[in-house]
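Close look at the chain arrangement
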Amino acid sequence: MDQIQAMRVFVRIVDMNSFSRAAELLQLPRATVSNTVKRLEQRLGVRLLLRTTRQVKITAEGEAYYHRCVQLLDALDETDSMFAQQRHQPKGKVRIDMPHSLAREIVIPALANFYRRYPQIEVALSANDTSMDLLHHGIDCVLRAWPSEEENLVSRRIAEIPQLTCASAEYLMRKGSPTSLKDLSDHHMVGYFSLSTGRCEPLEFIVEGKIERVTLAAPLRVSGADAYIAAAHSGFGLIQAATHSLHPWLAQRSLVEVLVDTPPPPMPLYLMYPPGRFLAPRVRVMLDWLAELFAPFMLNLPK
């Protein structure tokens, strides 16, 4: 196995934190992957990885070598794709992850346009509403409503998504339709909690240019946008969600908007990806296309 391939094997092991997952992704026997690292360590004269039966830990020398390998391999990929890029035909697989609602209602319906532009790119799209470790899962970029707290990710704010407050028609018949925040004391909300913290997010309202946060009794707590909307539809209380996600139910009047004069603040949308001077053309065109797709939502962004 040549030096460049050995570097690719080492980088993939670190990214996946697993010899077996790296071997599967690279379509190589696990023994070949293990022997490649052994020969690499022998050639360098340092220990790169500490291996046990349950986990893989990277050494300080391995960490330094990993970052240098990433830079060199990115530069090599960039060089290899120069001519394809000049022909505007980048190729390869792009792995992206985003919330269910954005995938279902905005991105997937527009993907045919992306394929017309870049017919040689294959998109692997995963949809979920929780944090995703890009390196561990081999993801090239993610869309999220919160910026990355990881220093090794770039967070690019590309939009602000309008939101509104609503509840089911049946719930409002029982509890009454609030016309101001003072009317909320007898109301319930559907709790939306984070899987990582377990904490429920309060309702937020813009009042005279400032954000006021209100926490109501939450007889039902959920995680995930689809479950959140379903809970409101079933009469469990008030919710705040992206306007585009609620259009079908608002049109049917099964969900009804309330507190129109004090709307929630718009939801920021971030495009996150690993940093680096070189981005493979297949990834770059996906980033640019996503930013273009959400450009209509950028009108509320500060200049």
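**Here's the deal with the sheet that holds strand 5 (residues 141-144)**
In space, the five strands of this open sheet follow the order 4-3-5-14-6, with mixed pairing throughout. For this open sheet the edge positions go to strand 4 (121-127) and strand 6 (154-161), each flanked by a neighbour on one side alone. Adjacent strand axes in the sheet meet at a mean angle of 20°, parallel and antiparallel pairs treated alike. In the sheet, strand 3 (residues 92-98) pairs with strand 5 via two bridges, with the strands oriented parallel. The residue of strand 5 that forms the bridge with Ile96 is Cys141. Running at roughly 40° to strand 3, helix 11 (residues 281-293) makes contact with strand 3, strand 4, strand 5, strand 6 and strand 14 (267-273) of the sheet.

**Remarks on the sheet that holds strand 12 (residues 239-242)**
Two strands in a sheet stick together by hydrogen bonds in their backbones, pointing the same way (parallel) or opposite ways (antiparallel). Here we have three strands laid out as an open sheet, ordered 12-7-13, and antiparallel in their pairing. Every interior strand has two partners, whereas the edge strands, strand 12 and strand 13 (255-258), have only one. Within this sheet the neighbouring strands show an average axis-to-axis angle of 50°, counted without direction. Of the pairings in the sheet, the one linking strand 7 (residues 163-168) to strand 12 comprises four bridges and is antiparallel in character. By the bridge assignment, Cys166 is partnered in strand 12 with Ile239.

**Here's the deal with the environment of Val142**
Looking at the element boundaries, Val142 is found in strand 5. Along the primary structure Val142 and Ile96 are separated by 46 residues, whereas in three dimensions their C-alpha atoms are 5.5 Å apart.

**Topic: unusual backbone geometry**
One non-glycine residue, Glu208, lies in positive phi territory at about 50°. Here the phi dihedral of Arg253 falls at roughly 65°; this positive angle occurs in a residue that is not glycine. Structurally, Arg253 can be placed in the loop between helix 10 (243-252) and strand 13.

**A few points about helix 2 (residues 19-26)**
Three or more residues of helix 2 are buried, namely Phe19, Ala22 and Ala23. Here the buried residues of helix 2 occupy an arc of 100° about the axis, which is enough to place them on one side. Here the buried face of helix 2 lies against helix 1 (3-16), helix 3 (30-44), strand 1 (49-51) and strand 2 (56-58). Where helix 2 terminates, the next one or two residues include Gln27, which has phi positive at roughly 60°.

**Some thoughts on helix 9 (residues 225-233)**
Along an α-helix, a turn takes 3.6 residues, which lines up residues three or four apart on a common side. Among the residues of helix 9, those classed as buried are Ala225, Tyr228, Ile229, Ala231 and Ala232. Each buried residue of helix 9 lies within a common arc of 155° when the element is viewed along its axis, so the set occupies one face. At the C-terminal side of helix 9, Gly235 shows a positive phi close to 90°.

**Brief notes about the packing of helix 6 (residues 100-117) against helix 11**
As a packed pair, helix 6 and helix 11 sit with axes 11 Å apart at the nearest point and diverge in direction by 130°. Relative to helix 11, helix 6 is oriented oblique. Considering only the axes of helix 6 and helix 11, their crossing is right-handed. Packed against helix 6, whose contacting residues are Ile106, Val107, Ala110, Leu111, Asn113, Phe114 and Arg117, the element helix 11 presents Val285, Met286, Trp289, Leu290, Glu292 and Leu293 at the interface. The residue makeup of the contact of helix 6 with helix 11, split by class, is 10 nonpolar, one polar and two charged.

**Let's talk about the pattern of salt bridges**
Where side chains of opposite charge bring their charged atoms close, a pairing between them can arise. Across all of its chains, the model carries 11 salt bridges by this definition. Residues Arg12 and Asp15 are paired through a salt bridge, measuring 3.7 Å at the closest nitrogen-oxygen approach. You can see Arg12 and its partner Asp15 sitting in helix 1, three residues apart, about one turn around the helix. Of the residues examined, Asp15 reaches a relative accessible area of 12% and is grouped as buried. Connected via shared salt-bridge partners are Arg104, Glu105 and Asp226.

**As for the nonpolar core**
Phe114, Leu143, Met286 and Phe294 are the most contacted members of the largest nonpolar core, which has 32 residues in total. Leave out the neighbours within four places in its chain, and Phe294 touches Leu102, Ile106, Val107, Leu143, Ile158, Ala159, Ile161 and Leu269. In terms of nonpolar packing, the next biggest core, distinct from the first, is built from 26 residues, Phe205, Val214, Ala231 and Leu259 among them.

**Observations concerning the confidence of the model for the protein chain**
Across the protein chain, pLDDT averages 87, with 90% of residues at or above 70. Confidence, read as mean pLDDT per element, is least for helix 5 (residues 82-86) in the protein chain (55) and greatest for strand 13 (97).

**Observations regarding the pairing of strand 9 (residues 203-207)**
Examined bridge by bridge, strand 9 and strand 10 (residues 210-214) share five bridges and lie antiparallel to one another. In the sheet register, Leu203 faces strand 10, and the bridge partner there is Val214. Hairpin connection between strand 9 and strand 10: a loop of two residues separates the two successive antiparallel strands, and Glu208 in this loop has a positive phi of roughly 50°.

Reading the values: the criteria
- Residues numbered from 1 in each chain as written.
- Predicted model: local features only at pLDDT ≥ 70, side-chain atom pairs only at ≥ 80, totals over all residues.
- Heavy atoms only, no water.
- Pairing = 2+ DSSP bridges.
- Helix = DSSP H or I, 4+ residues; strand = E, 2+ residues; numbered from the N terminus.
- Axes fitted to C-alpha atoms, helices over the stretch in contact; angles between N-to-C directions.
- Contact = heavy atoms within 4.5 Å.
- Buried < 20%, exposed > 50% of the residue type's maximum accessible area, 1.4 Å probe, protein only.
- Arc of directions from axis to C-beta.
- Parallel < 35°, antiparallel > 145°, perpendicular 65-115°, else oblique.
- Left-handed = near helix turned anticlockwise from the far one by under 90°.
- Nonpolar A, V, L, I, M, F, W, Y, C, P; charged D, E, K, R; others polar.
- Salt bridge = Lys/Arg side-chain N within 4 Å of Asp/Glu carboxyl O.
- Core = buried A, V, L, I, M, F, W, Y, C linked by side-chain atoms within 4.5 Å.
- pLDDT = per-residue confidence, 0-100.

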